[in-house]
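Here is how the chains run, residue by residue.
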Amino acid sequence: MKCFFSALSCLAVLGAVAAQRQVAVQEGPLYRTEGSHITIWCNVSGYQEPLEQNFQWSIYLPSAPEREVQIVSTRDSSFPYAIYTQRVRSGKIYVERVQGNLALLHITDLQARDAGEYECHTPNTEDQYFGSYSAKMNLVVIPDSLQTTAVPQTLHKVEQDPLELTCEVATETLQHSHLSVAWLRQRGSEKPVEVISLSRDFVLQSSSDYAQRQSLGEVRLDKLGSSTFRLTIFHLQPSDQGEFYCEAAEWIQDPDGSWYPMTRKRSEGTLVNVQPTDKEFTVRLETDKRLYTVGEPVEFRCILEAQNIPDRYFAVSWAFNSSLIASMGPNAVPILNSEFSHREARGQLKVAKESDSIFVLKIYHLRQEDSGKYNCRVTEREKTVTGEFIDKESKRPKNIPIIVLPIKSSISVEVASNASVVLEGENLHLSCSIRTAGRPLGRFSVMWQLVDRQNRRSNIMWLDRDGTLQHGASYWERSSFGGVQMEQVQPNSFSLGIFNSRKEDEGQYECHVTEWVRAVDGEWQVVGERRASTLISITALETGFAVTAISRTPGVTYSDSFDLQCIIKPHYPSRVPVAVTWRFQPVGTVEFHDLVTFTRDGGVQWGDRSSSFRTRTAIEKAESSNNVRLSISRASDTEAGKYQCVAELWRRNYNNSWTRLAERTSNLLEIRVLQPVTKLQVSKSKRTLTLVENRPIQLNCSVKSQTSQNSHFAVLWYVHKPSDADGKLILKTTHSSAFEYGTYAEEEGLRARLQFERHVSGGLFSLTVQRAEVSDSGSYYCHVEEWLLSPNYAWYKLAEEVSGRTEVTVKQPDSRLKLSQAQGNLSVLETRQVQLECVVLNRTSAASQLLVEWFVWKPNHPERETVARLSRDATFHYGEQAAKNNLKGRLHLESPSPGVYRLFIQNVAVQDSGTYSCRVEEWLPSPGGAWYKRAEDTAGQTAVRVTRPDAALQVDTVVPNATVSEKAAFQLDCSIVSRSSQDSRFAVAWYSLRTKAGGRRSSLALEDGEEEEEEEEEEGEEEEDPTERTALLSVGPDAVFGPEGSPWEGRLRFQRLSPLLYRLTVLQASPQDTGNYSCRVEEWLPSPQKEWYRLTEEESAPIGIRVLDTSSTLQSIICSNDALFYFVFFYPFPIFGILIITILLVRFKSRNSSKNSEGKNGVPLLWIKEPHLNYSPTCLEPPVLSIHPGAID
């Protein structure tokens, strides 16, 4: 123990050393009013020593927040500054030490200058500094603005009159505060009594004197307006006499959530006198009983009943056997005679005024000589003007006699128990009842003892007169664990409880009672002793303990259930634990092992080798007995063997330990487990199946009957070929639905084509061979094994059987490919589109793939040539014909619907003419996934003839025959009336026609030499034209100009007014230009290969041009027209003069630049400044060529 306190001291020292000093002060800011009394607490913790700490208080004023002003200290009287010294010395500021580490700062008369930040500092008492040594808080001092006013007055009322008083309460505090208002009544120097009040939380309440009257509505407090509070007492009583005033308090909530009354004010009082209406009074004397024993106390109560007792004066006197004991005047001071005064001085007697109406006489220890008659007398007195009292009416009640008997023991003792014979382990309850003739004189001491079979006496427990409980030496340990208990149930009844009884607790139990009485001198003395006993017999638990094992089902079938009963005798109560263990010896073994144990605490504990039993075994213990039943479900051969149960009887000791009292072993039980009889039947029916290749082979295996609904089946599928002696295994499905492929499936590659299915009915199994091949033909059958699940979850094969055979023949599908044989003839123009259709009318299988090939027979070419081919995988390929005739890029294939294929030849040319047809090959997938050609067919032929467009070129002259004067200009228009195609281009040439004796007709001047040679050959074949043609100007289809004719060189101007209108203007006409002129037009078209060829040519009718001599012509024209005559000779002269001057100036400036200009290819430009040509190589329209006039030399 000393080591323990030493270690605890060391830990305390270490904790103190490691602690950190912490100073805490009351949380601020605090708002207090001037003149009030304030306290601020300061606490320090985490220090080592000494236990009593010192505190120093300082303030930091708002005017100088950085300067510390010292106020008061607990260890230094010179600590305060001069400003606080006087207040500290006078006690207006002081520190109250609540504990060694807690102190309160008191400021009794708070002043406005006391506002500021207060700091509490605790000087360091350790060797080093660690933690905080001061804390601060703010104090705000506000003016006391609370006002409580009432009109002082004196009121004379009669009993039952109403009373109304008002009080004004107001405050001007800016902070949020609450008001409480209370009306009080004060009578002389008595403590004020609260009549009614309104708390700060707006709750009305009254003191005990007025609570009932408030609840009845006799007393009210009403608030009138914002500051008036009215007290109303509807029926005054004489006890209401006194001074009434109101008291108000202003409350504010501190930061810690508590409310504090900052200030409290009371108003001036109103004196209320209540005149009672009755002066009569009565007196009665009371006591509890009339018969007493020496030493007992007695109390006499003299009760006065009168109106307005507090305002009246009464004197009381006590008498014993007509002799005065004591008297008491209006001042309530008792005066006793000499004999009783001594007893009063020793505290044995008391005379007092309990209230205004009750007077008492108490004798604490009666003596035998106190027997007699007692009485009291009450006399009313009246006080004169001089202050003397005058006796008036006097009354006394009837005498009360009492008898005081001497002390005599009259007790009797009786012992009872809950049972005389109990079973070991049951609880014993014994009671010792003390009976007395009257009231117990003193106290009792009770002792319980046991006398065993050998007559040995031992003390169990006893309770002395002071109530101290003690244990016997042999029962001390059991009592400490609660195994033996003694209790005073009632003042005269004592019980003994022995819990979890043992065999050695058997014997005679005796209760020994001693009565004690205190004498007048205070000493205790024995008055009497009594004894009583009872006999208790205890039966040992192991008496008659036996165990028997039985079973009603010694032989069971797989999956059946059987029960084993372990019957224990006798029937023990539930508090007596019996542990039962079932042991098991499997068939073929010689040793037993523990299967399961029902432990003494009701738990189940399985043996190490009982894993197979746990999920199928239920162990149950009967509530009414300790019999244990072992139920085993789903029996199997693993549960077959011999069973035995072992029972252990246990007793729980007082210290919660256990003792095994006995062990018993039962007889042997042998259990036999048999397999069920099979009922397996498989269908033996035979059938023949013929199907087309690539179809599924559906094989069924039907189980007609089975042994159990929980049966599982393993199905083995076999095929027997004519060339094989035995069948070959295809597939095996185990009873657990696992698949195992046979050697035949591996050799023939059947794994990907096999599908096994078990139908919902449970007895039908199907094997499907997908995508059947010819090689799959043979004889198929199934081999069924029936499996059952043993209760220990192990599968075993019960029976097996073979089904009937299914003969399967697989053949290839018949060819049904057919193409449309419709013949066709197509004639299309060049550059158009040709559509060739290939229609498949029927096919062998919807899953087949088609290869489509188009070919053509060309004229004078007997061999067909492939144009295009669409492979089975929808890949388009060009044939050799496409490369020869430049078909690539012009072929287009589409399939608008299944079986319809269309080949489009776009922008056809003449060389695309020929006879076209298509050939289709149908390919089928073999069951192994390889494709093979099953059929092919050729469609009808379509003859395609591509022609060039018909010539529709027509040329006409727009300008009729004309006569022009010399030096004038004439126009030769060439108008194209119609054209063969909108894509055509034109080559235009103008000719001068002269008659000749012979010669060949000239051709258009073309830059292309090859075209000129062809033209000459054609012309040479025709008859010789007598007209001589001289070309003026030619423009090719590519808008390239040919050379100008020599007579007209430098005088020609070309214009293309529209796509179909060309104009040639001849300037500076001369008489030699007189003659016929014509234009010749060639129409050119683009071939599909984007090469231009001449389609046709056309020449216009001749145009006659006559050029007159300038003089004769001008005169004849002017003279023949009067208007022209006047216009020429009178009006133009002024205008022409100005124009001539302007023209001369312009020509003079531009002459030098014009002399050095040259035409294309080095030819001097005589009258054309520069031809303007608008031409785009990609445009199919003829170019617009404009030759603008230039400067004329």
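Note that the structure is a prediction, hence the values are computed from the model and not measured. (Residues numbered from 1 in each chain as written. Predicted model: local features only at pLDDT ≥ 70, side-chain atom pairs only at ≥ 80, totals over all residues. Heavy atoms only, no water.)

Quick look at the overall build of the protein now. A count of helical and extended segments in the protein gives twelve helices and 86 strands. Relative to its full complement of 1193 residues, the protein shows a buried share of 41%. Considering only residue pairs separated by 6 or more positions, the protein has 60% of its internal contacts joining residues 24 or more positions apart. Accessible surface computed for the protein: about 64,100 Å², of which carbon and sulfur atoms make up 49%. (Helix = DSSP H or I, 4+ residues; strand = E, 2+ residues; numbered from the N terminus. Buried < 20%, exposed > 50% of the residue type's maximum accessible area, 1.4 Å probe, protein only. Contact = heavy atoms within 4.5 Å. Areas by Shrake-Rupley, 256 points an atom, 1.4 Å probe, with all protein chains shown as cover.)

As a further point, take the state of the cysteines. Taken as a whole and assessed by the stated rule, the structure comprises eight disulfides. There is a disulfide in this structure between Cys 302 and Cys 376, and the S-S distance comes to 2.2 Å. Torsion about the S-S bond of the Cys 302 and Cys 376 cystine: about 75°, corresponding to right-handed handedness. Of this pair, Cys 302 sits in strand β23 (residues 298–306) while Cys 376 sits in strand β29 (residues 372–383); the two residues are 74 residues apart in sequence, bridging distant segments of the chain. Judged by its relative accessible area of 2%, Cys 376 is buried. Each sulfur of the disulfide joining Cys 838 and Cys 918 lies 2.0 Å from the other. The sign of the 70° torsion about the S-S bond sets the Cys 838-Cys 918 disulfide as right-handed. Pair noted here: Cys 838 is in strand β66 (residues 834–842) and Cys 918 is in strand β72 (residues 914–925), with a separation of 80 residues, a long-range link. Each of the two residues, Cys 838 as well as Cys 918, counts as buried. (Disulfide = S-S within 2.5 Å.)

Turning to the nonpolar core, a few remarks are in order. Where a protein is soluble and globular, its nonpolar side chains tend to be buried together. Trp 582 and Tyr 643 are the most contacted members of the largest nonpolar core, which has 38 residues in total. Of all the secondary-structure elements, those providing two or more residues to this core are β42 (546–550), β44 (562–569), β45 (578–586), β46 (593–598), β49 (628–632), β50 (641–652), β52 (669–674) and β62 (795–802). Counting 29 residues, the second-largest nonpolar core is a separate cluster that includes Phe 281, Leu 285, Phe 300 and Phe 314. (Core = buried A, V, L, I, M, F, W, Y, C linked by side-chain atoms within 4.5 Å.)

Of all residues in the protein, 89% have pLDDT values of 70 or greater, and the mean over the chain is 84. Long-range and interchain partners of residues 1–18, a stretch whose pLDDT sits below 50, account for three contacts in this model, where long-range means more than four residues apart. Under a pLDDT of 50 for its full length, residues 998–1022 has, in the predicted model, 40 contacts with residues more than four places off or in other chains. (pLDDT = per-residue confidence, 0-100.)

Before going further, it helps to spend a moment on the sheet that holds strand β60 (residues 764–769). If you walk across this open sheet you meet the four strands as β53-β55-β60-β59, and the pairing is antiparallel. Where the open sheet ends on each side, the last strands, each with one partner, are β53 (681–682) and β59 (754–758). Sheet analysis places strand β55 (residues 697–705) next to β60, joined by six bridges and oriented antiparallel. The residue bridging Leu 699 from the neighbouring strand is Leu 767, located in β60. (Pairing = 2+ DSSP bridges.)

It is generally the case that most residues other than glycine have a negative phi and that most peptide bonds are trans. Look at the link from Gly 28 to Pro 29: it is a cis peptide, with omega at 0°. Secondary-structure assignment places Pro 29 in the loop between β1 (22–25) and β2 (30–33). Looking along the chain, the bond that leaves Lys 569 and enters Pro 570 is cis, with omega of -5°. The residue Pro 570 is located in the loop between β44 and β45 in this model. The backbone of Arg 634 sits at a positive phi, close to 50°, despite the residue not being glycine.

Strand pairs in the sheet, formed through backbone hydrogen bonds, run parallel or antiparallel to each other. Ordered by their spatial adjacency, four strands build an open sheet running β64-β66-β71-β70, and the pairing between neighbours is antiparallel. Each edge of the open sheet carries a strand with a single partner, namely β64 (818–819) and β70 (891–897). Where β70 meets strand β71 (residues 900–905), five bridges bridge the pair, whose relative direction is antiparallel. Looking across to β71, one finds that Leu 893 is bridged to Leu 903.

If you walk through the whole model with that rule in mind, you get 21 aromatic pairs. Between Phe 281 and Phe 314, the aromatic rings sit 5.3 Å apart at their centres with planes inclined by 70°, giving edge-to-face as the arrangement. Remark: Phe 314 occurs in strand β24 (residues 313–320) and Phe 281 occurs in strand β21 (residues 281–286); sequence separation between them is 33 residues. For the pair Phe 281 and Phe 314, a shared accessibility class is recorded, and that class is buried. Every member of this aromatic cluster is reached through a ring pair, and the members are Phe 562, Phe 584, Phe 613 and Tyr 643. Between Arg 200 and the ring centre of Trp 251, over which it is positioned, the NZ or CZ distance is 4.7 Å. Lying over the aromatic face of Tyr 991, Arg 1029 brings its terminal NZ or CZ to 6.0 Å of the ring centre. (Phe/Tyr/Trp six-rings, centres within 6.5 Å; stacked < 30°, edge-to-face > 60°. Lys NZ or Arg CZ within 6 Å of the ring centre and 35° of its normal.)

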